[in-house]
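Summary of the model geometry
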Amino acid sequence: MIADAEGAEAILELAAQDPDLMTKSHIIFIPKGTNYTQALRDLKPAQFYEGPSYEAAVQRIRHVLAEAKMGLQVYLTGTEGLMGQAQNEAMQAGIPHSAIQTEHRGSVARRMQCVHCKGITEDVITDPFVCSHCGLNLFVRDHYSRRLAAYQGVCIDAEDPGNVPEPQELYT
Amino acid sequence: MSAAPQKAKAGAEKIDVTVSAVVPLNELVTRFEFKAKDGRDLPTFSAGAHTVVQMNDQGRTRLNPYSIMSDPADTSHYAISVRRDDEGRGGSLFMHRNVKVGDEMTITFPVNLFSLDLRARKQVFIAGGIGITPFMAMIAQMERLGGQWELHYSVRTEALGTYVQELSYKHPGKVHVYYDDQSQAIALEDLLDGQPLGTNVYVCGPKGMIDWVHATASAAGWPDANVHSEEFTKPQPGKPFQVRLCKSDKVIDVGEHESLLEAIERSGVEAPFLCRGGACGQCETDVVSFDGDFIHRDHWLDDDQHANGSKIMPCVSRFVGKSLELDR
Ligand code: FES
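What counts as what
- Throughout, residues of each chain are indexed from 1 in the direction in which the sequence is written.
- Think of it this way: whatever chain is written first is A, whatever ligand is written first is 1, and the rest follow in order.
- Where totals are concerned, whole chains, interfaces and linings use all residues; where local detail is concerned, this predicted model gives features only for residues with pLDDT of at least 70, and gives and counts side-chain atom pairs only at 80 or more.
- Excluded from the side-chain calculations are hydrogens and water; all other atoms, namely the structure's heavy atoms, are used.
- Under the DSSP-based scheme used, a helix requires at least four consecutive residues in state H or I and a strand at least two consecutive residues in state E, with every element numbered from the N terminus.
- The globule rule used here is 2.2 Å times the number of residues to the 0.38 power, and the radius of gyration it is set against is calculated over C-alpha atoms.
- Burial classification: accessible surface area is computed with a 1.4 Å probe over protein chains only, and a residue below 20% of its type maximum counts as buried, one above 50% as exposed, and the rest as partly exposed.
- Any two residues whose heavy atoms approach within 4.5 Å are treated as being in contact.
- Method for areas: the Shrake-Rupley scheme with a 1.4 Å probe, in which residue coverage is limited to the protein chains shown.
- In this tally Asp and Glu are treated as negative and Lys and Arg as positive; neither His nor the chain ends contributes.
- By convention, charge coordinates are those of NZ in Lys, CZ in Arg, CG in Asp, or CD in Glu.
- Here, a strand pair is defined by DSSP locating no fewer than two bridges between the strands.
- Segment limits for the domains were obtained from an automatic or database-derived domain assignment.
- Accessible area, probed at 1.4 Å, shrinks when two parts are joined; the buried area is that loss added up over both.
- A side-chain nitrogen of Lys or Arg and a carboxyl oxygen of Asp or Glu constitute a salt bridge if their distance falls within 4 Å.
- For every element, the axis is a line fit to its C-alpha atoms; helices are fit only across the contacting stretch, and the angle between N-to-C directions ranges from 0 to 180 degrees.
- Here a polar contact is taken to be a pair of N or O atoms separated by no more than 3.5 Å, where protein atoms must pair a possible hydrogen donor with a possible acceptor and residues adjacent in sequence count only if both atoms sit in side chains.

The next point concerns the overall build of chain B. For chain B, the helix and strand inventory stands at seven helices and 17 strands. Computed over its C-alpha atoms, the radius of gyration of chain B comes to 20 Å, within 12% of the 20 Å expected for a compact globule of 328 residues. Overall size of chain B, expressed as C-alpha extent along the three principal axes, is 60 × 50 × 40 Å. By residue count, 53% of the 328 residues in chain B fall in the buried class. In chain B, once contacts between residues fewer than 6 apart in sequence are set aside, the share between residues at least 24 apart is 67%. Of the roughly 15100 Å² of accessible surface on chain B, 46% is carried by carbon and sulfur atoms. Here chain B carries 34 positive and 45 negative side-chain charges, and the mean point of each set is 5 Å from the other.

Below you can see the structure in the form of structure tokens.
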């Protein structure tokens, strides 16, 4: 089970439904400023790892997948960015996309790739937004890349620089 | 790779071939090899593909699907292995009794309904009896690619272990043979347990074996997408029945020993097919009206479609009752 932030709640709910599950579970958790860690530890999973960021946790995820055997069940919960990136790792390890369970919890922020500089901006919650790498004003497209685990951001004021609409919060 | 054909066309594209070798392997199984009549290379195919062999048995056309077992990298010839089925409808008997080196025959372009997932970290092959044939080609392909694989092959007796010696000699350590008459059985649960993530399993053999592998793997938490099987159903004889073909405006009789598809073809109506074994979906035909019961034998239509009588797969399925009208 790989979770970040409010994804912890999904795991707590699962554990409440089926306490036996935890005796075989390996939880990899990225708090992102939340304080679910103790509650998750109290579930007494077979293994628990807390990572300061996805980037820090990814080595651990790769290692676990590389050692894993068929029959392993993968459950991803939390933000889109986490689920997308972890799903990528799982697929590369040979788990078909259809066999990976995901549950979105918490922030609706998107992980965005700027189509111009290719830089990734994490946790984007407004549309348009400013690329954290090249500074262009980008609008949030619904085009999603499973490989990059990111949505596409395209320059909104290319023809008329500076003509940028008021940013709206995503999904409001 | 999906084998979904783009467009339903009558039959499948054909190749004229000459029989270049007939090699009896044991009491029941004989290998046949084909070369293109024009001397050129045959079309390329991927491991797991089959071809439909057309036999002219005293004016009667028989069309049987066989897995191509030769190395896909060598298209100078195709090889198939045919198990003689004394109780069957006669296609395998015809091959065994009548087909000689030098004979001219027609086969269809290879179609693959059982292809390797080449992204897999490891391939596990499970064969029962003559179900070994697609794996012969798959093993050749995996060896060339340098991929990881293992074979678990269950045969009745040592004498009937088709290709056992060749396989065990060439690939010691990867080939595991189980003899029924020595009460050896594949320890499937143990075998599935501990396979590295990304392993794919392939099964070809009797229906019971295929169901057993699917059920055991799924109970062990394997995703369905990692378990592949190929099963060609043979058309079964049954009571004769009559069918009206609406588009062609014909009424035809389906005899006891022929399939509905064969009867349609015999009447001169072109009908699409690829596998003739209820697996590919190509022959799917709409039912216009019916009064009676279907005997569905395909693996293509879902349970609802089977129950409501809206479609039939004429390569393997039959009908008993008063009347049947098809959109053909
Ligand atoms: S020809 Fe393939 S299902 Fe009938």
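On we go from here.
All names here are of chain A. Across two bridges, strand 9 (residues 129-130) lies against strand 10 (residues 137-145) in antiparallel orientation. Looking at strand 10, one finds that Phe129 is bridged to Leu138. Linking two consecutive strands that pair antiparallel, namely strand 9 and strand 10, is a turn of six residues; a positive phi of about 80° is found at Gly135 within it. Bridge analysis of strand 10 against strand 11 (residues 150-155) gives five bridges, and the strand direction is antiparallel.

Attention shifts here to the domain arrangement of chain A. Residue and element names in this part refer to chain A. Per the domain assignment, the segments of chain A are domain 1 (2-104) and domain 2 (110-169). Centre-to-centre, using C-alpha coordinates, domain 1 lies 28 Å away from domain 2. Of the roughly 690 Å² buried between domain 1 and domain 2, counting both surfaces, carbon and sulfur atoms make up 42%. In this assembly, domain 1 and domain 2 are joined by one salt bridge.

All names here are of chain B. Within the open sheet, the five strands sit side by side as 10-9-8-11-12. Their pairing is parallel. With partners counted over all chains shown, the strands left at the sheet margins are strand 10 (175-179) and strand 12 (227-230), one partner each. Strand-to-strand, the axes of this sheet are offset by a mean angle of 15°, without reference to chain direction. Judged from the five bridges that link them, strand 9 (residues 148-155) and strand 10 form a sheet pairing that is parallel. Counted as the bridge partner of His152 is His176 from strand 10. Packing of helix 2 (residues 133-145) onto the sheet brings it into contact with strand 8 (122-128), strand 9 and strand 11 (199-204), and relative to strand 8 it is tilted by some 160°.

With 13 residues of chain B at the interface, the matching set in chain A holds 14 residues. Overall, the association of chain B and chain A removes approximately 1000 Å² of surface from exposure, summing both partners, and the carbon and sulfur fraction of that is 62%. Taken as a group, Arg121(B), Leu197(B) and Pro223(B) account for 48% of the area that chain B buries against chain A, more than any other trio of residues on that side. Applying the counting criterion to the chain B and chain A interface returns zero salt bridges. Counting the contacts that link chain B with chain A gives three residue pairs in polar contact (both at pLDDT 80 or more).

What follows concerns the pattern of salt bridges. The full count for this structure, using the stated rule, is 26 salt bridges over all chains. We note a salt bridge from Arg276(B) to Glu265(B), for which the minimum N-O separation is 2.9 Å. A residue pair is termed long-range when its members are at least 10 positions apart, and Arg276(B) in the loop between helix 6 (260-266) and strand 15 (285-295) and Glu265(B) in helix 6 qualify at 11 residues. Overall, Glu265(B) belongs to the partly exposed group, its relative accessible area being 23%. Here Lys322(B) makes a salt bridge to Asp291(B), at a shortest N to O gap of 3.7 Å. With a gap of 31 residues between them, Lys322(B) in strand 17 (residues 318-326) and Asp291(B) in strand 15 connect regions that are remote in the sequence. For Lys322(B), a relative accessible area of 72% corresponds to the exposed category. Each member of the salt-bridge network shares a partner with another, and the members are Asp4(A), Lys32(A) and Asp123(A).

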